[in-house]
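Chain by chain, the residues run as shown.
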Amino acid sequence: MRKVYNYTLTLVMAVFTVFSLASCTDDDVDQAYDMNGIWQGTIQGEYYNDRYGRDGQWDTEIQFVQDGDFSNGGYGYEEDYSYYWNRVYRSKFYWEVRNGRILLDYDDGYRIIIRDYELYSVGRGMRFRGYLDDWDTGETLASFNLVKVSDWTDWAKKHNAAFDDADE
């Protein structure tokens with residue numbers, strides 16, 4: 001009887017472990033699905049100075065594209081507009097939701113972590129706010145508050161062409 005109890009206990013623990021790990025992955029996939037689209041707004045803090053070596057007033061537009069229906073990541077594009085310097089910076093990145101944090105790895109080697117973020121509704125619109133941390137040091141760079149302006153548009157086609165032209 002003791003053997004049956006031990007086998008049953010081991011089986012229950014194995015099943016619990018599988019389901020608990022799968023639920024984290026499911027949460028990450030759900031979060032990734034909600035990220036799809038174009039977000040605009042502001043980033044407050046040292047992000048732009050750390051990224052470009054420039055302060056001043058900025059606006060940011062970020063597009064997250066999920067890589068497949070049941071993926072917890074994908075690729076995206078970021079455009080940062082500097083009013084003070086009258087410049088536009090464009091970047092491509094790869095992203096992944098892992099354990100409730102969003103990891104962004106830019107083509108130029110810059111890497112950040114989005115943590116303690118929240119996706120929430122205001123009226124009929126969606127908002128996205130949280131904190132940006134340096135991937136390597138964990139130092140907090142900034143907070144952000146973005147508004148979802150579109151799920152899917154021709155924005156990607158237009159900007160993909162601009163990025164492709166820049167690569168040539």
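Residues numbered from 1 in each chain as written. Predicted model: local features only at pLDDT ≥ 70, side-chain atom pairs only at ≥ 80, totals over all residues. Heavy atoms only, no water.

Student: Explain the overall build of the chain to me, using residue names and the numbers behind them.
Tutor: Secondary structure summary: the chain contains 3 helices and 8 strands in total. In the chain, the order of α-helices and β-strands from amino to carboxyl end is α-β-α-β-β-β-β-β-β-β-α. Looking at the chain as a whole, 37% of its 168 residues qualify as buried. Once local pairs closer than 6 in sequence are excluded, the contacts in the chain between residues at least 24 apart make up 49%. (Helix = DSSP H or I, 4+ residues; strand = E, 2+ residues; numbered from the N terminus. Buried < 20%, exposed > 50% of the residue type's maximum accessible area, 1.4 Å probe, protein only. Contact = heavy atoms within 4.5 Å.)

Student: Can you explain the pairing of strand β8 (residues 140-150)? Please cite residues and give values.
Tutor: With 8 bridges connecting them, strand β1 (residues 37-45) and β8 associate as antiparallel partners. Note that in β8 the partner of threonine 42 across the bridge is asparagine 145. Where strand β7 (residues 125-134) meets β8, 7 bridges bridge the pair, whose relative direction is antiparallel. Paired with phenylalanine 128 across the bridge in β8 is leucine 146. As consecutive antiparallel partners, β7 and β8 are separated by 5 residues, and within that stretch glycine 138 has a phi angle of approximately 80°, a positive value. (Pairing = 2+ DSSP bridges.)

Student: Describe the pairing of strand β5 (residues 101-106), listing the residues and the values that go with them.
Tutor: The pairing of strand β4 (residues 87-98) with β5 spans 6 bridges and is classified as antiparallel. Counted as the bridge partner of glutamate 96 is leucine 103 from β5. In textbook terms, the turn of a hairpin is the stretch between consecutive antiparallel strands, and for β4 and β5 this stretch comprises 2 residues, one of which, asparagine 99, has a positive phi near 55°. Pairing geometry for β5 and strand β6 (residues 111-122), over 4 bridges, is antiparallel. Bridge pairing links leucine 104 to isoleucine 112 in β6. In this structure, the hairpin formed by β5 and β6 is closed by a connection of 4 residues, where glycine 109 is found at a positive phi of approximately 95°.

Student: Help me get a handle on the pattern of salt bridges, residues and values and all.
Tutor: Where charged atoms from two side chains of opposite charge approach closely, those side chains can pair. The tally for this structure, following the rule as stated, stands at 7 salt bridges. For glutamate 79, the salt bridge identified is with arginine 90, shortest N-O distance 3.1 Å. With glutamate 79 in strand β3 (residues 73-82) and arginine 90 in strand β4, this pair connects stretches of sequence that are 11 residues apart. By relative accessible area, arginine 90 is classed as partly exposed at 47%. Across the pair arginine 111 and aspartate 136 runs a salt bridge whose closest N-O atoms are separated by 2.7 Å. Highlighted residues: arginine 111 in strand β6 and aspartate 136 in the loop between β7 and β8, separated in sequence by 25 residues. We classify arginine 111 as partly exposed; its relative accessible area is 26%. Overlapping salt bridges bring together Arg115, Asp116 and Asp133 as one network. (Salt bridge = Lys/Arg side-chain N within 4 Å of Asp/Glu carboxyl O.)

Student: Run through the environment of asparagine 99, naming residues and quoting values.
Tutor: With respect to the helices, strands and loops of the structure, asparagine 99 is situated in the loop between β4 and β5. With 72 residues separating them along the chain, asparagine 99 and aspartate 27 place their C-alpha atoms 8.3 Å apart.

Student: Can you lay out the packing of aromatic side chains for me, pointing to particular residues and giving the numbers?
Tutor: To describe a pair of aromatic rings, one takes the distance between the centres and the angle between the planes. Counting across every chain of the model gives 16 aromatic pairs. Taken together, a centroid distance of 6.1 Å and an interplanar angle of 70° make the contact between tyrosine 47 and tyrosine 110 edge-to-face. Pair noted here: tyrosine 47 is in helix α2 (residues 47-52) and tyrosine 110 is in the loop between β5 and β6, with a separation of 63 residues, a long-range link. A relative accessible area of 1% places tyrosine 47 in the buried class. Aromatic pair tryptophan 58 and tyrosine 89: ring centres 5.7 Å apart, planes at 35°, arrangement tilted. Placement of the pair is tryptophan 58 in strand β2 (residues 58-66) and tyrosine 89 in strand β4, with a sequence separation of 31 residues. Note that arginine 51 overlies the ring of tyrosine 106, its terminal NZ or CZ placed 4.3 Å from the centroid. (Phe/Tyr/Trp six-rings, centres within 6.5 Å; stacked < 30°, edge-to-face > 60°. Lys NZ or Arg CZ within 6 Å of the ring centre and 35° of its normal.)

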